[in-house]
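# Structural features, examined
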Amino acid sequence: MGRRNITHVSDFILIGLTDSEDTQLVLFTLFLLIYLITVLGNVVMILIICLDSQLHNPMYFFLGHLSFLDLSFSTAITPKTLDNLLTSNKYISYLNCLIQMNCFVFVGVTECVLLSSMAYDRYAAICNPLHYPVVMSARRCCSLVFGSYLFGFTDSIVNVLCMNKLHFCDSSVIYHFFCDAPPVLALSCTGTHDIESTISISAGSALAVSLITISVSYVSILSTILKITSTSGKQKAFSTCASHLLGVTIFYGTTIFTYVKPSKSYSLGQDQVVSVFYSIVIPMLNPLTYSLRNKRSKKCSQQSLTEEKELQKIKV
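Just so it is clear, the structure is predicted and the values come from calculations on it, not from any experiment.

Another aspect to go through is empty space enclosed by the protein. Evaluation of the coordinates by the stated rule reveals five cavities of 30 Å³ or more. Computed from the structure, the largest cavity encloses a volume of approximately 60 Å³. For the lining of the largest cavity, the secondary-structure elements that each account for two or more residues are helix 2 (58-87), helix 3 (94-127), helix 8 (231-259) and helix 9 (268-315). Looking at the lining of the largest cavity, its residues break down into four nonpolar, three polar and three charged.

Attention now goes to helix 7 (residues 193-227). Between its terminal C-alpha atoms helix 7 stretches 49 Å, which fits the 51 Å expected from 35 residues at 1.5 Å a residue. All of the buried residues in helix 7 are Ile195, Ile199, Ser202, Ala206, Leu207, Ser210, Ile214, Ser217, Tyr218, Ile221 and Ile225.

As for its placement among the helices and strands, Ser210 is situated in helix 7. Each residue touching Ser210, except ones within four places of it in the same chain, is listed here: Cys112, Val113, Ser116 and Tyr252.

Here we take up the state of the cysteines. Under the definition given, this model contains one disulfide. Shown here is the disulfide that connects Cys97 with Cys179, its sulfur atoms set 2.1 Å apart. Because the torsion about its S-S bond is -125 degrees, the bridge between Cys97 and Cys179 counts as left-handed. With a gap of 82 residues between them, Cys97 in helix 3 and Cys179 in the loop between strand 3 (173-174) and helix 6 (181-185) connect regions that are remote in the sequence.

For the rest of this paragraph, the subject is the UniProt feature "transmembrane region" (unreviewed entry) in the chain. UniProt records the feature "transmembrane region" (unreviewed entry) for residues 25-48, 98-120, 141-161, 206-226, 238-260 and 272-292 in the present numbering. Here residues 25-48 runs as 100% helix and 0% strand, with 34 Å between its end C-alpha atoms. Note that residues 206-226 is 100% helix and 0% strand, and that its end C-alpha atoms are spaced 30 Å apart.

Now for the environment of Phe28. Examined against the element boundaries, Phe28 turns out to sit in helix 1 (residues 21-51). Here the alpha-carbon distance between Phe28 and Asn84, two residues 56 residues apart in the chain, equals 9.0 Å. Ignoring sequence-local partners within four residues, the contact set of Phe28 consists of Leu82, Leu85 and Leu86.

One finds Phe31, Phe62, Leu63, Leu66, Leu115, Tyr252 and Tyr278 to be the most contacted residues of the largest nonpolar core, which totals 52 residues. Sorting the residues of this core by element identifies helix 1, helix 2, helix 3, helix 5 (138-163), helix 7, helix 8 and helix 9 as the ones contributing at least two each. The greatest single-element share of this core, amounting to 11 residues, is contributed by helix 2. Ignoring anything within four residues of it in the chain, the contact list for Phe62 reads Leu114, Ser117, Met118, Asp121, Met136, Cys141, Leu144 and Val145.

Moving on: helix 8. End to end, helix 8 covers 40 Å across 29 residues, agreeing with the expected 42 Å (1.5 Å per residue, within 8%). Along helix 8, the largest kink reaches about 40 degrees and is centred on Cys241.

For the rest of this paragraph, the subject is the packing of aromatic side chains. In the structure shown here, the tally under the stated rule is nine aromatic pairs. Judged by centre distance (6.0 Å) and plane angle (40 degrees), the ring pair of Phe12 and Tyr94 falls under tilted. A residue pair is termed long-range when its members are at least 10 positions apart, and Phe12 in strand 1 (residues 11-14) and Tyr94 in helix 3 qualify at 82 residues. Accessibility assignment for this pair places Phe12 and Tyr94 in one class, buried. One aromatic cluster is present, formed by Phe73, Phe104, Phe177, Phe178 and Tyr278 through successive ring pairs.

How each quantity is defined
Residues numbered from 1 in each chain as written. Predicted model: local features only at pLDDT ≥ 70, side-chain atom pairs only at ≥ 80, totals over all residues. Heavy atoms only, no water. 1 Å grid on protein atoms, 1.4 Å probe; cavity = no way out; pocket = protein on both sides within 12 Å on 5 of 7 lines; lining within 4 Å. Points joined across faces, edges and corners; volume = space filled by probe spheres on them. Helix = DSSP H or I, 4+ residues; strand = E, 2+ residues; numbered from the N terminus. Nonpolar A, V, L, I, M, F, W, Y, C, P; charged D, E, K, R; others polar. Expected span 1.5 Å × (residues − 1). Buried < 20%, exposed > 50% of the residue type's maximum accessible area, 1.4 Å probe, protein only. Contact = heavy atoms within 4.5 Å. Disulfide = S-S within 2.5 Å. UniProt positions renumbered as here; feature names shortened; annotations may be inferred. Core = buried A, V, L, I, M, F, W, Y, C linked by side-chain atoms within 4.5 Å. Bend = angle between axes of the 7 residues up to and from the residue. Phe/Tyr/Trp six-rings, centres within 6.5 Å; stacked < 30°, edge-to-face > 60°.

Written out as structure tokens, the structure is:
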């Protein structure tokens with residue numbers, strides 16, 4: 001039985017983004033700059049969160065793991081893409097292709113579920129501020145992060161088992177710049193309907209659970225914000241979740257556009273552009289987005305402190 005699953009190809013060929021040498025050089029420079037900013041931004045974010053005791057709270061605990069996932073997400077894709085652009089070495093071994101694909105699946109699904117945990121954290125902070133320390137205890141935060149990684153690990157295992165059932169014949173050209181599931185499945189010379197269904201159900205369940213959690217959390221948050229009478233109070237409440245909502249919108253928007261559609265509508269050029277955005281660009285944007293959010297939070301905190309001092313003077 002195991003012999004039937006052994007592939008006839010030892011290497012794949014990644015078509016990449018373009019055949020033009022001039023364009024490849026421009027893309028190499030751009031992607032290298034983005035990758036360096038991504039590594040620097042996420043490493044600095046992790047170090048600051050670890051070293052600053054004032055940031056040892058649930059929101060930044062989740063944010064530290066998000067930075068780690070963004071760093072891993074980009075590292076799984078960008079170095080090989082840079083190598084392809086600079087050396088025109090488009091070959092990737094079957095094993096490395098499988099590793100890249102499953103690292104991508106693991107990190108992607110883990111981040112997907114982690115974003116829903118962060119939405120629940122914002123819900124607890126805004127809708128139940130008095131009970132927030134109890135609701136978001138250290139044990140619960142660790143459980144939510146562990147659950148996120150467990151979802152990603154389970155999904156990656158399912159992906160490995162499904163891909164091992166594929167039987168590749170003569171075709172070894174992957175019409176993408178990295179080993180993604182849809183273009184690899186297209187190379188199989190055996191039926192892939194059952195495998196595609198299994199992968200879709202596995203990934204779709206994580207996506208559905210995450211989206212439902214995020215939707216319910218933000219509906220409750222919006223309802224609570226609308227009940228706040230003061231404008232400054234609304235702005236402060238909105239600022240605590242604006243960056244997360246922006247990150248969720250970008251991440252889920254590009255992911256749904258790429259994967260939640262019929263396989264017949266797969267377009268090399270269109271999907272590659274979107275894939276570049278969520279696999280290379282977004283990991284760079286998240287540290288910048290949350291850094292700006294932290295600055296806004298400090299301003300709001302300073303304003304609130306000033307208002308409290310003024311009220312105390314009036315009372316005296």
